[in-house]
Amino acid sequence: MKAERSYPIAIVTKKAEHSIKKGHPWVYDTEIKEIKGEVQNGCLLDIVSEKGSYLGTGFISEKSKIRIRILSTNANDRFDYAFFKRRIRYAVDYRKTVMGEDFSVCRLVFGEADGLPGLTVDRYENLISVQVLSYGMEKIKDTIFKALCEVMAEENVKVDGIYERNDVSIRELEGLEVYKAWYKSDFVGIPDSPVTEIVENGIKYEVDVENGQKTGFFLDQKYNRLAAAKIAKGKYVLDCFTHTGSFALNAAMGGAAHVTAVDVSETAIDMAKKNAEKNGLSEKMDFLCANVFDLLPKLCEGKSPYNMIILDPPAFTKNRKTVSDAERGYKEINYRAMKLLPRGGYLATCSCSHFMDNSLFVRMLMSAASDAGVSLKLIEARRQSPDHPTLLNVPETDYLKFYLFQVI
């Protein structure tokens, strides 16, 4: 029996009905046939089929092409404080299980994959960094953050502060303000500094939740860094797009003979140097501020000392329209790396773009290998770490591809 409540009703197309029944949590603007009742941006709607069958309940976003983000397909759910605390409890329990001792630094909530659409929550020890990316989630963020602090307190973790990294353009598509700031409330304080120290894979980093990439640090490559580090022992490693040095540091800690870390950003290189000093790895590393697209062809002109190359570029495409351009970019750096490596050398390569899907990425690698006149012996194919879970029926949650090869 459906819980007693009174929400506006969205009647959707058969295409949307089929998608929802398969488990996809989005309804697009073109899939809504009619809305009955008074609607305010960000409010909850019940979704029904053309024949009136209940399909789910979700937040409406009047400016987004993703018009409704589904919270639940259970007609008996009541969307009160207890509901949202329960969802956060499920997410936290999952991280405790899959992350184990790494629970202190991980993604606690991954949006749709945790039934909390438009919400990202990352934990850096006692600091929490969040992004709120949907209008409906923005309206209830006070409830969400309070429930989060309560759940963490039940884990004997006192949240020192919540930093809102809402400085992303996707919020503009939702009609939301773009900003970054400490969240102010009577149930959580404001720390003196946005910088904290974390330990990942035995390596110390300073994380700046105010100015660092994304929410402060790239957590999704945690175990891929370990996989690369295992291969790096005794190797001369070139780490391209190093950012603050995470792959390079893991390689050095893993026993690499020497590591060169490259990034186009001087700020990133400075932070990578500091991280190397913090971990006592400076003597095994050098740092180069350069554009990888210019550097790799130059290195190919001479004799290279490197027998392992790591390619961890930023997303070259964030929409379907630019996939072809992105593919050319990925192919260029992978082709150059394959030409630069000696036979028997090792290549770690990845893409963090959902739109550059796995089949396209593999096809690009095969084409690059053919042009370089080499073959690729697969060591490992990996994805994002399990604190960024993939739902098999929601392809948008599957975005990171990571491959380890020997070049023969």
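Shown above is the structure to which this text applies.
These numbers were taken from a predicted model, which means no experiment stands behind them.

**Q** Please clarify how the state of the cysteines should be interpreted in this entry.
**A** Structurally, a disulfide amounts to a covalent bond that connects the sulfur atoms of two cysteines. Across all of its chains, the model carries zero disulfides by this definition. With no disulfide of its own, Cys 149 lies 15 Å from the sulfur of Cys 106, the closest cysteine sulfur.

**Q** Just checking my understanding: could you explain the packing of aromatic side chains for this structure?
**A** For any pair of aromatic rings, the description rests on two quantities: the centre-to-centre distance and the angle between the ring planes. Here the structure, examined in full by the defined rule, presents 17 aromatic pairs. Ring geometry for Tyr 163 versus Trp 182: centroids 5.0 Å apart, planes at 90 degrees, classification edge-to-face. Placement of the pair is Tyr 163 in strand S10 (residues 161-166) and Trp 182 in strand S11 (residues 179-182), with a sequence separation of 19 residues. Under the relative-accessibility criterion, Tyr 163 is labelled buried at 3%.

**Q** What am I meant to see in the sheet that holds strand S17 (residues 308-311) here?
**A** Backbone hydrogen bonds are what pair the strands of a sheet, in a parallel or an antiparallel way. Pairing in this open sheet of seven strands is mixed, and the strands run S16-S15-S14-S17-S18-S20-S19 from one edge to the other. Every interior strand has two partners, whereas the edge strands, strand S16 (285-289) and strand S19 (376-382), have only one. Neighbour-to-neighbour, the strand axes of the sheet open up by a mean angle of 15 degrees, direction not taken into account. Pairing of strand S18 (residues 346-351) with strand S20 (residues 401-407) involves six bridges; the strand directions are antiparallel. Residue pairing across strands places Ser 351 opposite Lys 401, the latter belonging to S20. Lying on the sheet, helix H10 (residues 323-340) is in contact with strand S14 (236-240), S17, S18, S19 and S20; it crosses S18 at an angle near 175 degrees.

**Q** Honestly, unusual backbone geometry in this entry has me stumped. Any pointers?
**A** Leaving glycine aside, a negative phi is the common case for residues, and trans is the common case for peptide bonds. One non-glycine residue, Asn 156, lies in the positive phi region at around 60 degrees. Considering the arrangement of structural elements, one finds Asn 156 in the loop between helix H4 (141-154) and S10. Under the relative-accessibility criterion, Asn 156 is labelled exposed at 74%. Look at His 243: it is not a glycine, yet its phi comes out positive at around 55 degrees. Considering the arrangement of structural elements, one finds His 243 in the loop between S14 and helix H7 (246-253).

**Q** Which parts of the structure should I look at to understand the sheet that holds strand S7 (residues 105-110)?
**A** Read across the open sheet, the five strands follow the order S7-S8-S9-S10-S11; overall the sheet is mixed. Of all strands in the sheet, those with a lone pairing partner are S7 and S11, marking the two edges. The mean inter-strand angle of the sheet, taken between neighbouring strand axes irrespective of direction, is 15 degrees. The strands touched by H4 within the sheet are S7, strand S8 (119-124), strand S9 (127-132), S10 and S11, with S10 carrying the most contacts at an inclination of about 140 degrees.

The rules we used
Residues numbered from 1 in each chain as written. Predicted model: local features only at pLDDT ≥ 70, side-chain atom pairs only at ≥ 80, totals over all residues. Heavy atoms only, no water. Disulfide = S-S within 2.5 Å. Phe/Tyr/Trp six-rings, centres within 6.5 Å; stacked < 30°, edge-to-face > 60°. Helix = DSSP H or I, 4+ residues; strand = E, 2+ residues; numbered from the N terminus. Buried < 20%, exposed > 50% of the residue type's maximum accessible area, 1.4 Å probe, protein only. Pairing = 2+ DSSP bridges. Axes fitted to C-alpha atoms, helices over the stretch in contact; angles between N-to-C directions. Contact = heavy atoms within 4.5 Å.

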